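Overview (structure and organization)
Spelled out, the chains give:
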Amino acid sequence: MIGRNDLCWCGSGQKWKKCHFPDDGPIKPNKSQDLKNLYFKKHQIILKNPQQIEGIRQACQLASQILDKVCALAKEGVTTEELNQYAVKLHQEAHAIAAPLGYGHPPFTKSICTSLNDVICHGIPDDTPLRQGDIVNIDVTSILNGYYGDCSRMVAIGQISPERQLVTDVSYECLMRSIAILKPGVAISQIGDVIENYATSRGCSVVNQFVGHGVGVEFHENPQIPHCRNTSHILLVPGMTFTIEPMINAGVRQGVIDPLDKWTARTRDGKASAQWEHTILITEEGHEILTTWKR
């Protein structure tokens, strides 16, 4: 519940009591278009309409299905390139597009990301076979009928070390704890607070070089969703769609970008890193997890 002295839900920067009080919040019909215009003008955030939400929901469901199938293939001896080729096949069968392929500068060369062990994110599939004791994050973003769905999961290959188990478990718990607080009126900064409070309580660090992000109409939209403590006072409102994807390290939080491929980010100290990711919709009552993968 928003208090009288809290920032107003509309993003004006004023206290609620001096702005829209005693309105019940952003769900009033006569305020919805004003809110959409304000959020785009002030924050460049696209609040989605029902048609867009349904398109994004379908893209998220497809991305989740592809992710689950690729994760099931991830076993000892399988190369990360084989995982990539399987994802290519699944996208083709669904008449969908893998968003990472050709994205960015330099253009990303594969259709999914596969981040092994000390790789924080943006690992590029290659001929490296998975081995006993590995952990790998598999990240799938699918474009279906022009809409984007984005998600990732961790896979453990056989028995893994206590360090790798710790970051795998902590990153999942950080994701789910942060999702649990989501509803209109919550500030984006509170997401980072929840994640960093829990991660540090378990002796882990939170990567601050990479963030979650708006998604749905485009691959990367506003707002940015930092996973560490931050000062973003933007309030969540209905129609926002974004990812939360906490990257948790066993050692220091800093990562180093590969100087050759310009993409692969590894922990500076070589210790393990893990990440799980969902796409979330903010609803009038709370939130909906749009990606449907299961741990």
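Fair warning: this is a prediction, and the values are worked out from it, not measured in the lab.

Points about the overall build of the protein
A count of helical and extended segments in the protein gives 5 helices and 15 strands. When each of the 295 residues of the protein is scored for burial, the buried share is 55%. The contacts in the protein between residues at least 6 apart in sequence include a share of 68% that link residues at least 24 apart. For the protein, the computed accessible surface area is about 12900 Å², with 51% contributed by carbon and sulfur atoms.

A look at the sheet that holds strand E12 (residues 265-267)
The strand order E3-E12-E11 describes an open sheet built from 3 strands, whose pairing is antiparallel. Each having just a single partner strand, strand E3 (119-121) and strand E11 (255-257) make up the two edges of the open sheet. If you compare each strand with its neighbour and ignore which way they point, the axes differ by 40° on average. Of the strand pairs in this sheet, E11 and E12 are connected by 3 bridges, and their pairing is antiparallel. Counterpart to Val 256 in the pairing with E12 is Arg 266.

Considering the sheet that holds strand E13 (residues 273-275)
Taking strand neighbours across the sheet as the criterion, the 3 strands line up as E6-E10-E13 in an open arrangement whose pairing is antiparallel. Two strands close off the open sheet at either side, each with one partner strand: strand E6 (205-206) and E13. For strand E10 (residues 247-249) and E13, the ladder comprises 3 bridges, and the chain directions are antiparallel. Residue pairing across strands places Ile 248 opposite Ala 274, the latter belonging to E13.

Structural notes on helix H2 (residues 50-73)
Across its 24 residues, H2 extends 35 Å between first and last C-alpha, which sits within 8% of the 34 Å expected from 1.5 Å per residue. One side-chain oxygen of the residue at the start of H2 lies 3.1 Å from the amide nitrogen of Gln 51, identifying that residue as Asn 49.

A few points about the layout of surface pockets
By volume, the largest pocket is sized at about 460 Å³. In terms of lining residues, the largest pocket is bounded by 25 residues, among which His 122, His 213, Phe 219, His 220 and Glu 245 are the most central. The set of elements that each furnish at least two residues to the lining of the largest pocket consists of strand E2 (113-116), strand E4 (135-144), strand E7 (212-214) and strand E8 (221-225). Split into classes, the residues belonging to the lining of the largest pocket amount to 10 nonpolar, 10 polar and 5 charged.

Rules used in this analysis
Residues numbered from 1 in each chain as written. Predicted model: local features only at pLDDT ≥ 70, side-chain atom pairs only at ≥ 80, totals over all residues. Heavy atoms only, no water. Helix = DSSP H or I, 4+ residues; strand = E, 2+ residues; numbered from the N terminus. Buried < 20%, exposed > 50% of the residue type's maximum accessible area, 1.4 Å probe, protein only. Contact = heavy atoms within 4.5 Å. Areas by Shrake-Rupley, 256 points an atom, 1.4 Å probe, with all protein chains shown as cover. Pairing = 2+ DSSP bridges. Axes fitted to C-alpha atoms, helices over the stretch in contact; angles between N-to-C directions. Expected span 1.5 Å × (residues − 1). Polar contact = N/O pair within 3.5 Å; in protein donor to acceptor, adjacent residues only side chain to side chain. 1 Å grid on protein atoms, 1.4 Å probe; cavity = no way out; pocket = protein on both sides within 12 Å on 5 of 7 lines; lining within 4 Å. Points joined across faces, edges and corners; volume = space filled by probe spheres on them. Nonpolar A, V, L, I, M, F, W, Y, C, P; charged D, E, K, R; others polar.

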